[in-house]
Number of protein chains: 2
Amino acid sequence: MTGTLTADRRLNISQQLANKLRDMIFDGELKAGERINEVHLSEALGVSRTPLREALTLLVAEEALTSVPRRGSFVRELTRKEFEDLYPLRAILDPEALRMSSVPSEKTLATLESINWGMRAAQDMKTRVSLDEAWHLELVSGCDNQVLIGLITQVMNRFRRYGLAFAREHAIVETANQEHIEIIQALRDGDMDKACEWLRKNLTSDKEPILAWLDERQG
Amino acid sequence: MTGTLTADRRLNISQQLANKLRDMIFDGELKAGERINEVHLSEALGVSRTPLREALTLLVAEEALTSVPRRGSFVRELTRKEFEDLYPLRAILDPEALRMSSVPSEKTLATLESINWGMRAAQDMKTRVSLDEAWHLELVSGCDNQVLIGLITQVMNRFRRYGLAFAREHAIVETANQEHIEIIQALRDGDMDKACEWLRKNLTSDKEPILAWLDERQG
DNA sequence: GTAGTGCATACTGTATGCAGTATGATAGAA
DNA sequence: TTCTATCATACTGCATACAGTATGCACTAC
C-alpha cells in the first residue's frame, strides 16, 4: 500500500505526496480525526519529513487537514454541518457556469454522452464517482472562467469524501445517469433554462440519503 | 522594511511568513512576475529556507504565486483575463449568501453602519479597501455557511491586488458608501430583493474603470 | 483520595548541508 | 554571423540534525 509514489518527474515529491495523501484520505487509510505523525508517515512513504510537511501544508490549505501549531495535523472529521454547508454550493455554481458557457459543440455533447456511458458501465464506485466528476467538469468547462471552475473543483473535492463514503455503502443511482441524459438533450434542443433546471436537480437529488447515512454513522 | 515578523507565538514562522509575504505582494515589495529567490528572501527576512518554503507552498495554494518545479516560485501577474474571471463571482456569491442569511439584527446593522462611517473617514486607500472588505464580510456573515464565506474570502483576497493597485491611483468612490447605505436601508425595511439588487450593483460598479486602468497599465 | 508539580519522552519547528538540475556564457564549427 | 555544444554557476529539492515544546505519568504533599 504505502510505497510507490508515481515518480512523475514533472512533479516534485511534495506534490506527489499531496496526491498520495489525498488518496489515502479518500480511501480511509488515513481516518477522520486521526493525528498525522510526521516521522512515522514519512518513513512509511520512504521520504523525509521536509517534503511531507510541504504536502501537509497543501492539504491544510485544501481543508482536507487541520493544523494545530505545535500539536500537529489532523484529518478533518466528516460533519453534518460541513456537508450542509457544501451541499447547496454546487447547485449555485454549476448552473451559473453553464449559463456563462457558449452553446456546446456536438463534440462536447458526444464527450458528455460517452462519459455518461462509461459511468453506467463502471464496476466500482470509485471510478463511477470519478467519472461523474469528470462529466460535470466537462459540462462546465465551456464557461471559460478558470477561477469559477477552480471553485467548483474545490467544492467537488471537499464533497468527495462524503459522496464516496456514501456511495461505497449504497449501490445507487440510476437516476444520475438519467438526469445527465436530460441535460444533454436540453442542450441539444438549445433550451438552457431546462438544462440548468435539470442540472440543479441532479446536484441536489442525493442530499437526503447522504444526510440519513451521516446521521446513522455518527449517531 | 523586511525584518520584524509579528512574533505571534500562536503561529509558527511559516504562517507568519505567509502573512508577511501576502502583504509584501499587495504592497508591491514583491512585484508581479518576479521570481522568488529562496536564499536571498530567507536571509532578508532572517529565517531559514524551510519555513519560507512552507509559506511559499501556502501562497501557491492561494494562487498568489505560481510554482514551476525545479525553476522556483513566481509572483502571479495581474492579467485582464483573471480580472474578468474574478469579477462576476462576488456578484454571484455574495447575494446568494445574503439570501441565505437570517434577518439581520439591529446590532449587525449598526455594525455595518459603523464600518461604513469608518470607511468614509479613512485616510489611506489601504485601510479603506480593508474596511470595505470587512463590511462585506460582516454583511454575509449571517448566512452561517463557513464554506461559502470561505469562497467569498478567497475571491476577495485574489481580487484585492487589482482593487488595491487601482484604488491607490484613483481616489474613488463616494458611490460605494452610498450603495452600502442603500443596502442597509433595504435590510431595515425587510426588503431582501432590493438589498440583493443593490449589493449586486455595489459589486459590479467599478468594473469598467479598473479594466481601463489595467489596459492602460499593460498596454 | 485528590490535586499539583516535576520530569521523561516523543513530537513538531527550524536550520543547515549536500545533491541534482536549470540557465547563461563562452567557445568552436558551419 | 549563427547555431550548437560544453561547462560554470546558482538555484531548487531533499535529507538530516538539533532545538523547543506539548503531553502523560509518577511522585509528593495535603
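What counts and what doesn't
Residues numbered from 1 in each chain as written. Chains lettered and ligands numbered in written order. Predicted model: local features only at pLDDT ≥ 70, side-chain atom pairs only at ≥ 80, totals over all residues. Helix = DSSP H or I, 4+ residues; strand = E, 2+ residues; numbered from the N terminus. Rg over C-alpha atoms; globule rule 2.2 N^0.38 Å. Buried ≥ 20, exposed ≤ 12 C-beta atoms within 10 Å, placed from the backbone. Contact = placed C-beta atoms within 7 Å. Least-squares fit on C-alpha atoms with pLDDT ≥ 70 in both. Pairing = 2+ DSSP bridges. Axes fitted to C-alpha atoms, helices over the stretch in contact; angles between N-to-C directions. Near = placed C-beta within 6 Å. Nonpolar A, V, L, I, M, F, W, Y, C, P; charged D, E, K, R; others polar.

1. Focus on the overall build of chain A
Check the secondary structure of chain A and you find ten helices and three strands. Mapped from its N terminus to its C terminus, chain A presents α and β elements in the order α-β-α-α-β-β-α-α-α-α-α-α-α. Against the compact-globule benchmark of 17 Å for 219 residues, chain A has a radius of gyration of 19 Å, which places it among compact chains. Each of the three principal axes of chain A carries a C-alpha extent, and together these read 60 × 45 × 30 Å. Here chain A holds 219 residues, and 32% of them are scored as buried. Pairs at least 24 apart in sequence give 67% of the contacts found in chain A among residues at least 6 apart.

2. Comments concerning the relation of the copies chain A and chain B
For the pair chain A and chain B, the superposition axis carries a translation of 0.0 Å, the fit reaches an RMSD of 0.1 Å, and the rotation angle comes to 180°. Both copies are brought into coincidence by an operation consistent with a two-fold rotation axis. Considering only C-alpha atoms, the residue of chain A closest to the rotation axis is Glu54(A), which sits at 2.8 Å. Interface overlap between copies: 100% of the residues of chain A at the interface are likewise at the interface in chain B, consistent with a symmetric, same-surface contact.

3. Examining unusual backbone geometry
Phi is positive for Arg70(A), which is not a glycine, with a value near 65°. By secondary structure assignment, the location of Arg70(A) is in the loop between strand 2 (65-68) and strand 3 (72-75). Take Arg70(A): there are 8 C-beta atoms within 10 Å of it, and that puts it in the exposed class. With phi around 70°, Glu63(B) is a residue other than glycine that occupies positive phi space. Residue placement: Glu63(B) occurs in the loop between helix 3 (49-61) and strand 2 (65-68). Among the residues examined, Glu63(B) registers 15 C-beta atoms within 10 Å and is labelled partly exposed.

4. Structural notes on the environment of Cys143(B)
Residues and elements named next belong to chain B. As for its placement among the helices and strands, Cys 143 is situated in the loop between helix 6 (125-140) and helix 7 (146-169). Here the alpha-carbon distance between Cys 143 and Gly 33, two residues 110 residues apart in the chain, equals 37 Å. In contact with Cys 143, other than residues within four places in its own chain, are Ala 97, Met 100, Ser 101, Leu 148 and Ile 149.

5. Considering the sheet that holds strand 2 of chain A
Residues and elements named next belong to chain A. Strand order in the open sheet formed by three strands is 1-3-2, and the pairing between neighbours is antiparallel. One side of each edge strand has no neighbouring strand; the edge strands of this open sheet are strand 1 (35-36) and strand 2. Taken together, the four bridges between strand 2 and strand 3 define a ladder with antiparallel strand orientation. Paired with Thr 66 across the bridge in strand 3 is Phe 74. Contacting strand 1, strand 2 and strand 3, helix 3 (residues 49-61) runs over the sheet at an angle of about 110° to strand 2.

6. A few points about the protein's contact with DNA strand D
For DNA strand D, the set of nearby residues contains 19 residues, the closest of which are Asn12(A), Ile13(A), Ser48(A), Glu38(B) and Gly72(B). Elements with a minimum of two residues in the surface near DNA strand D: helix 1 (13-26) and helix 3 of chain A together with helix 2 (38-45) and helix 3 of chain B. By residue number, the principal contributor to the surface near DNA strand D is helix 3 of chain A, which donates three residues. Its residues placed into classes, the surface near DNA strand D shows six nonpolar, seven polar and six charged.

7. Notes on the sheet that holds strand 1 (residues 35-36) of chain B
Residues and elements named next belong to chain B. Pairing in this open sheet of three strands is antiparallel, and the strands run 1-3-2 from one edge to the other. Whereas interior strands pair on both sides, the edge strands pair on one side only; in this sheet they are strand 1 and strand 2. The sheet contacts of helix 3 involve strand 1, strand 2 and strand 3 (72-75), and relative to strand 2 the element is tilted by about 110°.

8. Quick notes on the protein's contact with DNA strand C
Among the 19 residues in the neighbourhood of DNA strand C, the closest are listed as Glu38(A), Gly72(A), Ile13(B), Ser48(B) and Thr50(B). Taken together, the elements giving at least two residues each to the surface near DNA strand C come down to helix 2 (38-45) and helix 3 of chain A together with helix 1 (13-26) and helix 3 of chain B. For the surface near DNA strand C, the element with the most residues is helix 3 of chain B, which contributes three residues. A class-by-class count of the residues in the surface near DNA strand C yields six nonpolar, seven polar and six charged.

Nothing here speaks to function; it is all geometry.
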